[in-house]
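# Structural overview for review
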Amino acid sequence: MSSTPSGSGVPPRFVVVGIGADGWRGLGDAARDELRDARVIYGATRQLALLDEVEHELTGTREAWRSPMSAHLAEVLEIASDQIHILASGDPMFHGVGASIVGRVGADQVRVYPAVSSACLACARLGWDLATVRIVSAVTADPEVVLTEATDGGRLLVLSRDDTTPAAISELLAQNGFGDSTMTVLEQLGGPDERIRSSAVDSWAYSPVDPLNIVAVDCVGPRRSRTPGRDDDTYDHDGQITKSPIRAITVAALEPAGPQLLWDIGSGSGSVAIEWLRADDRGRAIAFEQNAERAQRLTSNARRHGVGHRLSLRGAAPEALSDAQSPDAVFIGGGLDEKVLNAAWNALRPSGRIVANAVTVENQEILVRWHAEHGGTLRRLSVETVAPLGTMTTWRPALPIVQWAATRDDPAHEAGPKA
């Protein structure tokens, strides 16, 4: 029985079948028929073993993924001439291989049979409302990704990479003030070897853990918001940092939304890029920083804030801009000059946003000219903070900043004025 894409009489090249820890008995009739008629079935060794009990019903061969699985999958997608079947864990379109395959070959080439996801099963066991739970994946990201969502009163599900993930998450949460949280590890959900264990994060000591696990965290600890403008002390920096109030305005002006790419030019501590990434977990950023010590510092900051897997690092602008992927948004916080502005403006995608901050009069004059040429918004931002003055207090003003923000509506727009 060969399934066909909706509205098409042509069988799909790839059929992806989600399978849970309960194996064959958890599959629907349509998924079983697909596997019975499959010419070849690819999957992880663990997944293929779930079919051992019915191997007499299967007519095709079974092929285990080589390591690295991503490279083997790419090879199969490239050379497949006849229809092939691929096993996936749970729901293949939920942080799964199904989404990767569709992204490579297109939805019209793929038919997917989903099983119940591990997140659904975990919430069913815990009595949690899945609609109110935040889900993060540590399968391809570092465990620090949990810190993007950890906040007092929040409930998290963390998709684990392997048996080391729960201990790593426990350590990270404890180090960041969430030691009183309850952590539950759910192993082999839906299968005969299902096991669920809970404890406070501070006292987590269960070992070993099955590699097939998902981690649930009922958070108790500090409130951590995605709203930009986090305290400057949460970043390691040498003074080259966009201060908290200006950063909040800057990130808002950049309008993070969806799977966009940000260029952060003259990144310094990386605080703007990091808070852009925290604002929307679908975004990516490239930080351009020429100082090696600052580059190392911003990479560490990104990991500490749970977004290191979505930030890449390049060298100095404008040289390093030339072969970088075109951005949807650009922030220029350091190294501002006409050459950098021209390069960034010309690289910006249609309808992309650019925001530049200037402290010196010379750079502020550049932004005044660009505003006259391209429109947008020009603001002068000044912040004063209470500070001691002898035995009393007074207002201490920070250096005023001129900020230019604009949208590139016309992809054929000429570059800005030359100095």
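Right, let's walk through the structure included here. All of these numbers come straight from a predicted model, not from anything done at the bench.

### Observations regarding the pairing of strand β17 (residues 384–389)
- Judged from the six bridges that link them, β17 and strand β18 (residues 392–397) form a sheet pairing that is antiparallel. By the bridge assignment, Val386 is partnered in β18 with Trp395.

### Digging into the sheet that holds strand β2 (residues 40–43)
- Across the sheet, five strands lie side by side as β3-β2-β4-β1-β5; this open sheet has parallel pairing. Of all the strands in the sheet, the pair left with one neighbour each is β3 (61–64) and β5 (110–113). Across this sheet, the average inter-strand angle for adjacent strands is 25 degrees, counted without regard to direction.
- Across four bridges, β2 lies against β3 in parallel orientation. Bridge pairing links Ile41 to Arg62 in β3.

### Thoughts on the sheet that holds strand β13 (residues 311–314)
- Strand order in the open sheet made by the seven strands is β13-β12-β11-β14-β15-β19-β16, with mixed pairing throughout. Both outer strands of the open sheet, β13 and β16 (377–381), are each paired with one neighbouring strand and no more. Taken pair by pair, the neighbouring strands of this sheet meet at an average axis angle of 15 degrees, ignoring direction.
- Direction of pairing for strand β12 (residues 284–288) relative to β13: parallel, over a ladder of four bridges.

### With respect to the pairing of β12
- Counted residue by residue, β12 has four buried out of five residues, so it is predominantly covered.
- Here strand β11 (residues 261–265) pairs with β12 via five bridges, running parallel. Bridge pairing in β12 links Ile265 to Phe288.
- On the question of chirality, the crossover connecting β12 to the parallel β13 by way of helix α9 (residues 292–304) is right-handed.

Procedures and definitions
Residues numbered from 1 in each chain as written. Predicted model: local features only at pLDDT ≥ 70, side-chain atom pairs only at ≥ 80, totals over all residues. Heavy atoms only, no water. Pairing = 2+ DSSP bridges. Helix = DSSP H or I, 4+ residues; strand = E, 2+ residues; numbered from the N terminus. Axes fitted to C-alpha atoms, helices over the stretch in contact; angles between N-to-C directions. Buried < 20%, exposed > 50% of the residue type's maximum accessible area, 1.4 Å probe, protein only. Right-handed = clockwise from strand over helix to strand, strands pointing away.

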